[in-house]
Each structure stands twice: as C-alpha cells, then as structure tokens.
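Structural overview
One letter stands for each residue in the lines below.
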Amino acid sequence: MEIKEVFRKKNVKETLEILEHYQEQCKIIAGGTDIIIQLREGIEKSSVLVDISNIEELKVVKETEKWIEIGSGVTFTEIAREFTLHDKFSALVEAAASVGSPQIRNAATIGGNICNASPAADFIPPLLALNAVVVLERKNAIREMCLEEFIIDKEKVALKADELLTKIRFKKLQTNQGLGFSKLGFRKALAISKISTAVFLELEENNKCKGTRIATGALGRHGLRERRVEEFLQEKALDPSTVHQGGRKLQKEIEKRLYGRPSLAFKKEAVIGIFHKAVDKAFKSCKIEGGI
Ligand SMILES: Cc1cc2nc3c(=O)[nH]c(=O)nc-3n(C[C@H](O)[C@H](O)[C@H](O)COP(=O)(O)OP(=O)(O)OC[C@H]3O[C@@H](n4cnc5c(N)ncnc54)[C@H](O)[C@@H]3O)c2cc1C
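Residues numbered from 1 in each chain as written. Predicted model: local features only at pLDDT ≥ 70, side-chain atom pairs only at ≥ 80, totals over all residues. Heavy atoms only, no water.

You'll find the protein chain entered in an unreviewed UniProt entry as Purine hydroxylase gamma subunit apoprotein, with Natronincola peptidivorans given as the organism.

What follows is the structure, encoded as structure tokens:
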C-alpha cells in the first residue's frame with residue numbers, strides 16, 4: 001500500500017480531527033520504530049499517517065498527590081531519566097533502559113509500546129503490575145480503561161479508529177509497596193525469546209503479602225497478569241519457601257500455556273530465575289529491613 005499523505009501535527013486537537021476524518025485509512029506514527037517496519041513489510045496497510053512526535057502535550061510526566069501520569073509520547077530515554085531519582089520506581093528505569101539500543105530508546109515511545117502490543121513489549125508487564133489505566137481521546141470524547149482490558153490479544157488493542165492514546169496513569173506507591181522488574185536478554189544465535197516479569201508487592205508486618213500483582217512478558221500471546229500466582233502469594237508471609245513455591249506455580253502456568261511450543265523447555269526454567277529476581281527487587285523497594 002502506498003502512503004498518500006503524512007500529517008505532522010503539533011497538538012492533540014488537530015490530530016483528533018485528522019483521525020475522525022480518515023478513520024481506518026489513517027494510522028498514528030509516534031517514534032516509528034515498529035510501524036515503519038510494518039509498513040515496509042506490508043503488514044500495515046494504512047495510506048495516511050499522522051506523526052505525533054512533535055506534540056509537546058504528549059511528552060509530559062506529571063505527578064499529583066496520588067497519581068503518576070505519563071504522556072503517550074514520552075520516550076524510553078525520557079522515562080529512564082524522569083524516574084532515576086524516584087526511589088520507588090527503579091523498576092521503570094530498568095524496564096525502559098532494557099529496550100533496544102540508545103537510538104531506539106530515543107525514538108520509541110511508551111504509547112507505541114502499548115498500542116503495538118507485542119508479546120515481548122517491555123513496558124507492558126510493569127504497567128500491568130501497577131494496574132495502570134490508559135486514557136483514550138477522540139474528538140469531543142474521552143474514556144479511560146484498565147490497561148489489562150485494553151490489550152485484547154497479540155498485537156491487538158481496544159483502540160477505535162479515531163482514538164488517540166494520550167496518557168497512562170497509575171497510583172504512586174506507598175512506603176510498604178514496591179515494584180520489581182527482571183528481564184532475560186535476547187540471544188539471537190540461540191533463537192531464544194526474551195522474557196520478563198514485573199512484581200508489585202504490598203507487605204504488612206512480618207512480610208505478610210497483603211497485595212500482589214504479577215505480570216509477565218513473552219510468556220503468552222501478550223503481556224499477562226499471572227493471577228494464580230498472585231492468589232497463591234496472597235496473605236502468605238514472604239520467605240524463601242513461599243517465593244520458591246510461587247515460582248513453581250508460575251512454571252506450571254507457563255507449561256500449560258506454552259504446551260507444544262519449542263521454546264517451552266527453555267522458558268519454563270528461565271522464568272523461575274527472573275521471577276525470584278523481580279520478587280526480590282519488589283521486596284527491597286518496599287523498604288522492609290533485611291531480605292527474603
Ligand atoms: C531494533 C529494535 C529493537 C527493539 N527492541 C525492543 C525492546 O527491547 N523492547 C521492546 O519492548 N520493544 C522493542 N522494540 C519495539 C519498539 O521500539 C517499541 O515497541 C516502541 O515502544 C514502539 O514505540 P514507537 O513510538 O516507535 O511506536 P510506533 O512505531 O510509532 O507505533 C507503534 C504502533 O502504535 C500506534 N501508536 C503509537 N502511538 C500511539 C498513540 N499515542 N495512540 C494510538 N496509537 C499509537 C501506531 O499507530 C502503531 O500501530 C524494538 C524495535 C526495534 C526496531
């Protein structure tokens with residue numbers, strides 16, 4: 001498909017007008033690191049593009065008393081910089097810094113990572129673990145939904161043709177809450193996919209798990225919450241034995257989900273290590289003395 005027109009907009013309002021006018025014919029281009037390849041390979045067939053990379057209002061990270069809001073046009077380089085001094089969110093710095101190369105991180109945006117919804121999208125598991133909400137705007141309307149509901153399937157999101165993802169929002173972490181992220185790198189020569197885990201913990205006295213949210217990447221058709229493992233850890237005191245059992249539960253889930261896949265043998269072993277690391281980091285980020 002030939003590109004007939006490329007619009008470069010400087011604000012959200014004008015972008016929404018273009019989207020409303022062209023509907024399915026039109027696609028957003030942010031950093032372009034996914035969509036350019038898809039256009040070249042003929043996977044993406046839109047004939048009109050709206051470039052949003054110059055829209056300043058989409059590049060804002062805002063903190064209120066309870067919430068953190070990240071504009072969809074914020075790049076991974078900017079996320080790594082913004083959250084460096086935020087001791088509760090070192091997991092976000094880690095996840096952002098693990099994306100591609102410096103050149104990719106300078107262009108790739110959080111909005112593009114979410115809307116492309118690749119099974120291996122690195123920022124989706126931490127955002128799922130934070131129970132993030134996406135803000136979707138169209139001309140004269142705005143709606144919000146849980147990120148988990150927004151991701152419908154592999155590379156498929158609940159975005160209408162005339163909608164723009166403008167913000168991602170999640171609650172700030174309390175002292176007894178923490179977030180951990182761990183990822184296993186990509187080894188091309190061995191054709192092993194990268195896998196990742198993000199863990200949110202809320203601990204009470206004696207390390208009792210009052211709340212947990214666990215999400216994985218590249219271990220299913222898209223980034224997923226691991227509810228069975230969450231249920232298992234709920235109300236238990238976190239110690240080496242519970243974490244070990246939690247890892248085994250996750251392994252069982254992966255065995256069922258990836259049954260028959262050549263990658264299963266590797267992934268079911270590798271997931272244990274990255275789960276342990278993510279739990280450990282989440283625990284440390286809870287500011288609880290000592291270790292698990
Ligand atoms: C060499 C290389 C290495 C990579 N490594 C990694 C990696 O390690 N980890 C990882 O997670 N990803 C990786 N990626 C994938 C890619 O960089 C990310 O998915 C990136 O976040 C996409 O963002 P973008 O701004 O470039 O999106 P684009 O390519 O501009 O857009 C992607 C999709 O999202 C839609 N979109 C973008 N923004 C919006 C919006 N605000 N509202 C609605 N729709 C929107 C577009 O229409 C398109 O369908 C890599 C890519 C390359 C080329």
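Description of the pattern of salt bridges
Per the counting criterion, the structure on display carries 24 salt bridges. The partner of Lys281 in a salt bridge is Glu94, with the nearest N and O atoms 2.6 Å apart. Here Lys281 is found in helix 11 (residues 264-285), whereas its partner Glu94 is found in helix 4 (residues 90-97), with 187 residues between them in sequence. Residue Lys281 is classed as partly exposed on the basis of its relative accessible area of 30%. Lys194 is paired through a salt bridge with Asp122; the nearest N and O atoms lie 3.7 Å apart. Taken together, the positions of Lys194 in the loop between strand 11 (177-184) and strand 12 (195-203) and Asp122 in the loop between helix 6 (110-116) and helix 7 (124-129) put the pair 72 residues apart, joining distant regions of the chain. Classification of Asp122 by relative accessible area gives buried; the value is 4%. A single network of salt bridges, built from pairs that share partners, joins Glu148, Arg225, Arg227 and Glu230. (Salt bridge = Lys/Arg side-chain N within 4 Å of Asp/Glu carboxyl O. Helix = DSSP H or I, 4+ residues; strand = E, 2+ residues; numbered from the N terminus. Buried < 20%, exposed > 50% of the residue type's maximum accessible area, 1.4 Å probe, protein only.)

As for the sheet that holds strand 13 (residues 209-217)
Strand order across the open sheet formed by four strands is 11-12-13-14, with antiparallel pairing between neighbours. For this open sheet the edge positions go to strand 11 and strand 14 (224-225), each flanked by a neighbour on one side alone. For strand 12 and strand 13, the ladder comprises eight bridges, and the chain directions are antiparallel. Paired with Thr197 across the two strands is Thr216, which belongs to strand 13. (Pairing = 2+ DSSP bridges.)

Focus: the confidence of the model for the protein chain
Residue-level pLDDT values for the protein chain average 94, and 95% of them are 70 or greater. Of the regions scoring below 50 in pLDDT, residues 187-192 engages in three contacts with residues more than four places distant in sequence or in other chains. (pLDDT = per-residue confidence, 0-100. Contact = heavy atoms within 4.5 Å.)

A few points about the packing of aromatic side chains
Inspection of the entire model under this criterion finds four aromatic pairs. On the basis of an interplanar angle of 55° and a centroid distance of 5.3 Å, the ring pair of Phe76 and Phe123 is categorised as tilted. In this pair, Phe76 sits in helix 3 (residues 76-83) while Phe123 sits in the loop between helix 6 and helix 7, placing the two residues 47 residues apart along the sequence. A relative accessible area of 0% places Phe76 in the buried class. Taking the relative accessible area as the measure of exposure, Phe123 reaches 0% and is therefore buried. Ring pairing ties together the aromatic residues Phe83, Phe89 and Phe170, which thus form one cluster. Between Arg169 and the ring centre of Trp67, over which it is positioned, the NZ or CZ distance is 5.9 Å. The ring of Phe232 carries Lys236 above its face, with NZ or CZ at 4.0 Å from the centroid. (Phe/Tyr/Trp six-rings, centres within 6.5 Å; stacked < 30°, edge-to-face > 60°. Lys NZ or Arg CZ within 6 Å of the ring centre and 35° of its normal.)

Concerning helix 4
Here helix 4 has its buried residues at Ala91, Leu92, Val93, Ala95 and Ala96. Buried residues along helix 4 sit against helix 3, helix 5 (102-107), helix 7, strand 10 (164-171) and strand 11.

A few points about the domain arrangement of the protein chain
One can read the domain layout of the protein chain as domain 1 (1-46 + 58-174) and domain 2 (193-285). Each of domain 1 and domain 2 has a C-alpha centre, and the two are 25 Å apart. Taken together, the contacts link 18 residues of domain 1 with 19 residues of domain 2. The junction of domain 1 with domain 2 conceals about 1,600 Å² of combined surface from both sides, 52% of it contributed by carbon and sulfur atoms. Of all residues in domain 1, the largest losses of buried area upon contact with domain 2 belong to Pro119, Pro125 and Ala129, amounting jointly to 29% of the total for that side. Remark: the boundary between domain 1 and domain 2 carries five salt bridges. We note a salt bridge from Arg225 to Glu148, for which the minimum N-O separation is 3.9 Å. Scanning the region where domain 1 abuts domain 2 turns up six residue pairs in polar contact (both at pLDDT 80 or more). (Domains from an automatic or database assignment. Buried area = accessible area lost by both parts, 1.4 Å probe. Polar contact = N/O pair within 3.5 Å; in protein donor to acceptor, adjacent residues only side chain to side chain.)

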